Amino acid sequence: MSFKVTLQPSGRAFSADADTTLLQAALDAELLVPYGCRDGACGACKAKVLSGEVDHGRAPLSTLPEPERAAGMTLMCCAHAQSDLAVECRDVRSAHDIPVRKLPCRVQSLEKLAADVMRLNLRLPPNDLFHFLPGQYIDFLLADGQRRSFSIANAPNADNMLELHVRQIPGGKFTTRVFSAMKERDILRIEGPLGSFSLRDKPEDGGDKPIVFLAGGTGFAPIKAIIEDMIAREISRPIALYWGARAPEGLYLHELALRWAHQLADFRYIPVISGEPLEGWSGRSGLVHHAVMADLPDLSGHQVYACGAPEMIEAAKKDFSEACRLPLTGFYADAFTFATNNPI
Ligand SMILES: Cc1cc2nc3c(=O)[nH]c(=O)nc-3n(C[C@H](O)[C@H](O)[C@H](O)COP(=O)(O)OP(=O)(O)OC[C@H]3O[C@@H](n4cnc5c(N)ncnc54)[C@H](O)[C@@H]3O)c2cc1C
Ligand code: FES
């Protein structure tokens with residue numbers, strides 16, 4: 001049996017059966033609603049059920065605690081409709097020309113950008129252009145059925161190449177393979193593009209506002225894709241890029257960011273180091289989102305795009321909205337949660 005799900009306030013509707021998550025049903029209807037991990041971990045798909053009944057499915061209490069359930073919130077990537085529904089979702093876009101596909105790819109090159117960051121260039125099958133929005137990610141489909149998510153670090157290009165920035169996780173199954181065993185010409189399987197992290201550039205979405213990009217470590221990857229796309233499309237909005245890392249080596253494409261700051265009008269680059277010791281570092285230090293708050297105490301007229309560790313995203317969202325008047329509708333994020341190995 002299928003149910004009608006209406007997104008408010010847009011009134012856009014789709015049907016969902018009880019076996020399909022609300023997120024999957026929306027995507028099947030080519031409606032791009034906010035989401036990240038599809039795994040119940042990041043909270044990006046959290047939405048309020050205005051009317052009707054849902055089963056919260058495998059939503060963990062850590063991401064959807066009891067008080068939020070009682071207040072009518074749900075995770076669209078986990079929830080199943082039990083009746084017709086009205087769901088509050090203010091950020092919904094059409095996804096009709098970006099199908100999600102599974103396809104093979106070949107490792108074109110591997111380049112160490114830092115001791116624990118590898119640039120992985122992938123070549124996709126020729127004559128079959130892979131469409132994606134700058135900021136989106138792909139999943140690697142591993143032989144045992146597990147998946148690993150990585151953001152695309154380049155803007156779409158005619159060469160059908162994907163650039164990824166992979167941070168090595170000590171003991172990590174996939175990233176250890178990238179650093180120790182993977183070689184050029186290896187064949188991998190991916191699924192994508194995934195996620196809703198991308199530039200809102202329509203005037204009705206606040207697409208003329210100044211932008212704060214907030215990157216933690218390899219959270220720089222999707223932000224690089226968005227900035228390169230803005231440069232290619234000659235979108236000129238004031239940009240402040242805050243890039244945080246524990247040590248200067250973690251700013252693994254520092255020279256590129258400096259170049260943007262020199263070449264582009266109204267582009268500021270603020271690198272921030274959080275670790276100790278800081279000998280030889282004359283730049284900003286501390287938590288990267290605190291640097292934003294110190295420079296821009298009023299964010300009410302900005303859009304913020306944040307990417308990196310979930311803790312950074314949570315802290316920035318809370319502090320920017322509570323202390324800097326950023327409306328929650330102006331905060332877009334991609335949290336680098338790690339795989340729980342739940343089937344998707
Ligand atoms: C939407 C999305 C986009 C992402 N994009 C990127 C990207 O562009 N670049 C990038 O480097 N990473 C990115 N990540 C994170 C990346 O997917 C994980 O780091 C990766 O899956 C780890 O795989 P693994 O098999 O090596 O580790 P696993 O074998 O899965 O993990 C081993 C253990 O390490 C810990 N762990 C795993 N990942 C992390 C982590 N990220 N932080 C802290 N502890 C961890 C866990 O405790 C885990 O049990 C992204 C994640 C998401 C959800
Ligand atoms: S919690 Fe649903 S997409 Fe991450």
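Parameters and conventions
Residues numbered from 1 in each chain as written. Chains lettered and ligands numbered in written order. Predicted model: local features only at pLDDT ≥ 70, side-chain atom pairs only at ≥ 80, totals over all residues. Heavy atoms only, no water. Helix = DSSP H or I, 4+ residues; strand = E, 2+ residues; numbered from the N terminus. Contact = heavy atoms within 4.5 Å. Core = buried A, V, L, I, M, F, W, Y, C linked by side-chain atoms within 4.5 Å. Buried < 20%, exposed > 50% of the residue type's maximum accessible area, 1.4 Å probe, protein only. Phe/Tyr/Trp six-rings, centres within 6.5 Å; stacked < 30°, edge-to-face > 60°. UniProt positions renumbered as here; feature names shortened; annotations may be inferred. Domains from an automatic or database assignment. Buried area = accessible area lost by both parts, 1.4 Å probe. Salt bridge = Lys/Arg side-chain N within 4 Å of Asp/Glu carboxyl O. Near = heavy atom within 4 Å. Polar contact = N/O pair within 3.5 Å; in protein donor to acceptor, adjacent residues only side chain to side chain. Areas by Shrake-Rupley, 256 points an atom, 1.4 Å probe, with all protein chains shown as cover. Expected span 1.5 Å × (residues − 1). Pairing = 2+ DSSP bridges. Axes fitted to C-alpha atoms, helices over the stretch in contact; angles between N-to-C directions.

Looking at an unreviewed UniProt entry, one finds the chain named CDP-6-deoxy-delta-3,4-glucoseen reductase and attributed to Uliginosibacterium flavum.

Draft legend 1. Quick look at the side chain of R119. For R119, the location among the structural elements is in strand 11 (residues 117-123). Contact partners of R119, with chain neighbours within four places excluded, come to S109, L110, E111, L113, E163, L164, H165 and L253.

Draft legend 2. Structural detail: the nonpolar core. In terms of nonpolar packing, the biggest core is built from 34 residues, with L7, F14, L22, V33, Y35, M76 and L85 touching the most fellow members. Counting only elements with at least two residues in this core, the list comes to strand 1 (2-8), strand 2 (13-17), helix 1 (22-28), strand 3 (31-32), strand 4 (46-51) and strand 8 (85-88). The element contributing the most residues to this core is helix 1, with 5 residues. Setting aside residues no more than four positions away along its own chain, L22 makes contact with V5, F14, A16, V54, M76, A79, A81 and L85. Residues W243, Y252, L256 and A257 belong to the second largest nonpolar core, which totals 29 residues.

Draft legend 3. How the structure looks around the packing of aromatic side chains. By the definition in use, this model includes 13 aromatic pairs. Where F197 meets Y305, the ring centres are 6.2 Å apart and the plane angle is 70°; that geometry is what we call edge-to-face. Residue F197 is found in the loop between strand 15 (187-194) and strand 16 (211-216), and its partner Y305 is found in strand 20 (residues 303-308); the two are separated by 108 residues along the sequence. Both residues of the pair, F197 and Y305, belong to the buried class. Judged by centre distance (3.9 Å) and plane angle (10°), the rings of F220 and W243 are stacked. Pair noted here: F220 is in helix 4 (residues 220-232) and W243 is in strand 17 (residues 239-245), with a separation of 23 residues, a long-range link. Exposure class is identical for F220 and W243. Each is buried. Ring pairs connect the aromatic residues F220, W243, Y252, W260 and F267, which therefore count as one cluster.

Draft legend 4. Representation of the UniProt feature "domain: FAD-binding FR-type" (unreviewed entry) in the chain within the structure. Within the UniProt annotation, "domain: FAD-binding FR-type" (unreviewed entry) is assigned to residues 100-200. In residues 100-200, helix accounts for 8% and strand for 46%; the two terminal C-alpha atoms are 20 Å from one another.

Draft legend 5. Just the domain arrangement of the chain, in detail. Each domain of the chain was delimited in the assignment, giving domain 1 (2-94), domain 2 (101-194) and domain 3 (206-335). Computed over C-alpha atoms only, the centres of domain 2 and domain 3 are separated by 24 Å. Counting residues at the interface gives 15 residues for domain 2, matched by 13 residues for domain 3. For the pairing of domain 2 and domain 3, the buried interface totals around 1100 Å² over both sides, and the portion due to carbon and sulfur atoms is 63%. On inspection of domain 2 and its partner domain 3, the count reaches 1 salt bridge.

Draft legend 6. Region of interest: the site of ligand 1. Among the 18 residues in the neighbourhood of ligand 1, the closest are listed as R148, S149, H165, F174 and T175. Contacts to ligand 1 include S149, whose backbone N or O atom sits 2.6 Å from an oxygen atom. Interatomic distance of 2.8 Å between a backbone N/O atom of H165 and a nitrogen atom of ligand 1. Within the complex, 80% of the 920 Å² of free accessible area of ligand 1 lies under protein. For the shell around ligand 1, the element with the most residues is strand 13 (residues 147-151), which contributes 4 residues.

Draft legend 7. Examining helix 4 more closely. The first and last C-alpha atoms of helix 4 sit 18 Å apart over 13 residues, in line with the 18 Å expected at 1.5 Å per residue. In terms of burial, helix 4 is a largely internal element, 10 of the 13 residues being buried. Taken as a whole, helix 4 has its buried residues at F220, A221, P222, I223, K224, A225, I226, I227, D229 and M230. Of the residues flanking the end of helix 4, it is E234, one or two places downstream, whose phi is positive at about 55°.

Draft legend 8. Representation of helix 6 (residues 288-295). The complete set of buried residues in helix 6 reads V288, H289, A291, V292 and M293. Where helix 6 is buried, its residues contact strand 16, strand 17, strand 18 (267-273), strand 19 (284-285) and helix 7 (310-323).

Draft legend 9. Fine view of the sheet that holds strand 2. Sheet architecture is open: 5 strands sit in the order 2-1-8-4-6, paired in mixed fashion. Two strands lie at the open edges of the sheet, namely strand 2 and strand 6 (73-75), each paired on one side alone. Averaged over neighbouring strand pairs, the angle between their axes works out to 40° when direction is ignored. Sheet topology note: the strand 1/strand 8 ladder contains 4 bridges and is parallel. When the bridges of strand 8 are listed, L7 appears paired with V87.

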